[in-house]
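One letter stands for each residue in the lines below.
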Amino acid sequence: MLKLLLIVSSFVIIHAGNNCPAGTKQIGNDGAFSWGKSGQQGGNGYTADKCKEYCARMGPSNCRSFSFDESSIYGGQPLCQTWRSDTATRSYASIPTHPSADQVLCKLDDTIDVACPDGTSQVGEHGTYLMTWTMMPAYPGMPIDVCKSFCTQRPGCGAFTY
């Protein structure tokens, strides 16, 4: 008599664990994300704090929350995704082997503010854009003082967004 031996194997991906940075609070459970993706950044050395700053600079009309994953589906590199909603609408948690099953969805604290550098002042609310503009170079993580410097060195530049 021939016997069949059935071996069931399973695996679990062990994640380092993600946390929302200070000045934010987690929305939903691990693996949660929202609707209305408005941006994405990441790569080696990217942190949840950088993700928070990226979201805050976008203003509330473009970023109400962000998801962060230290070891994302994109080659295991840190990933920051920004969302136009601050409601958890979906989750990868139901798929425990999904690389983003432990990402966190963080809502910005309403008191977070990106301050204008000395010698400048804010015009309008966060997320306000002027209709007349000239593109200046922008790089992820560029300090706000560098933006100010680009503007002051450019003839006719009267404002910049950050």
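So, a few notes on the structure that sits alongside this text. (Residues numbered from 1 in each chain as written. Predicted model: local features only at pLDDT ≥ 70, side-chain atom pairs only at ≥ 80, totals over all residues. Heavy atoms only, no water.)

**Some points on the state of the cysteines**
At step 1: Per the stated rule, a full pass over the model turns up three disulfides.
At step 2: What pairs with cysteine 51 in a disulfide is cysteine 80, and their sulfur atoms sit 2.0 Å apart. Torsion about the S-S bond of the cysteine 51 and cysteine 80 cystine: about 75°, corresponding to right-handed handedness. With cysteine 51 in helix H1 (residues 48–58) and cysteine 80 in strand S5 (residues 79–83), the pair connects residues that are 29 residues apart, well separated along the chain. Of the two residues examined, cysteine 51 and cysteine 80, each falls in the buried class.
At step 3: There is a disulfide in this structure between cysteine 55 and cysteine 63, and the S-S distance comes to 1.8 Å. The S-S bond linking cysteine 55 to cysteine 63 shows a torsion near -100°; that makes this disulfide left-handed. (Disulfide = S-S within 2.5 Å. Helix = DSSP H or I, 4+ residues; strand = E, 2+ residues; numbered from the N terminus. Buried < 20%, exposed > 50% of the residue type's maximum accessible area, 1.4 Å probe, protein only.)

**Comments concerning helix H2 (residues 144–153)**
At step 1: Among the residues of H2, Ile144, Cys147 and Cys151 are the ones counted as buried. Seen along its axis, H2 keeps its buried residues to an arc of 55°; they face one direction. In H2, the exposed positions that point more than 90 degrees away from the buried face belong to Asp145, Thr152 and Gln153. (Arc of directions from axis to C-beta.)

**Brief notes about the side chain of serine 67**
At step 1: With respect to the secondary-structure elements, serine 67 resides in strand S4 (residues 65–69).
At step 2: Within the local environment of serine 67, its side chain forms a polar contact with the side chain of tryptophan 83, the two groups lying 3.1 Å apart.
At step 3: Setting aside chain neighbours within four positions, we find serine 67 in contact with Ala32, Cys51, Leu79, Cys80, Gln81, Trp83, Gln103, Val104 and Leu105. (Polar contact = N/O pair within 3.5 Å; in protein donor to acceptor, adjacent residues only side chain to side chain. Contact = heavy atoms within 4.5 Å.)

**Some words on the pattern of salt bridges**
At step 1: Applying the stated rule across the entire model yields two salt bridges.
At step 2: Lysine 107 is the salt-bridge partner of aspartate 86, the closest N and O atoms lying 3.9 Å from each other. Taken together, the residues aspartate 86 in the loop between S5 and strand S6 (90–91) and lysine 107 in strand S7 (residues 104–108) connect sequence positions 21 residues apart.
At step 3: Classification of aspartate 86 as partly exposed rests on a relative accessible area of 24%.
At step 4: On the accessibility criterion, lysine 107 (17% relative accessible area) is buried. (Salt bridge = Lys/Arg side-chain N within 4 Å of Asp/Glu carboxyl O.)

**Description of the sheet that holds strand S3 (residues 37–42)**
At step 1: One open sheet accounts for five strands, arranged S1-S7-S4-S5-S3; its pairing is antiparallel. Pairing within the sheet leaves two strands with one partner each, and these edge strands are strand S1 (24–26) and S3. Mean inter-strand twist for the sheet, computed between neighbouring axes without regard to direction, equals 25°.
At step 2: The pairing of S1 with S7 spans three bridges and is antiparallel. Within the sheet, the bridge partner assigned to threonine 24 lies in S7 and is leucine 108.
At step 3: Strands S1, S3, S4, S5 and S7 of the sheet are contacted by H1, whose axis makes an angle of about 155° with S4. (Pairing = 2+ DSSP bridges. Axes fitted to C-alpha atoms, helices over the stretch in contact; angles between N-to-C directions.)

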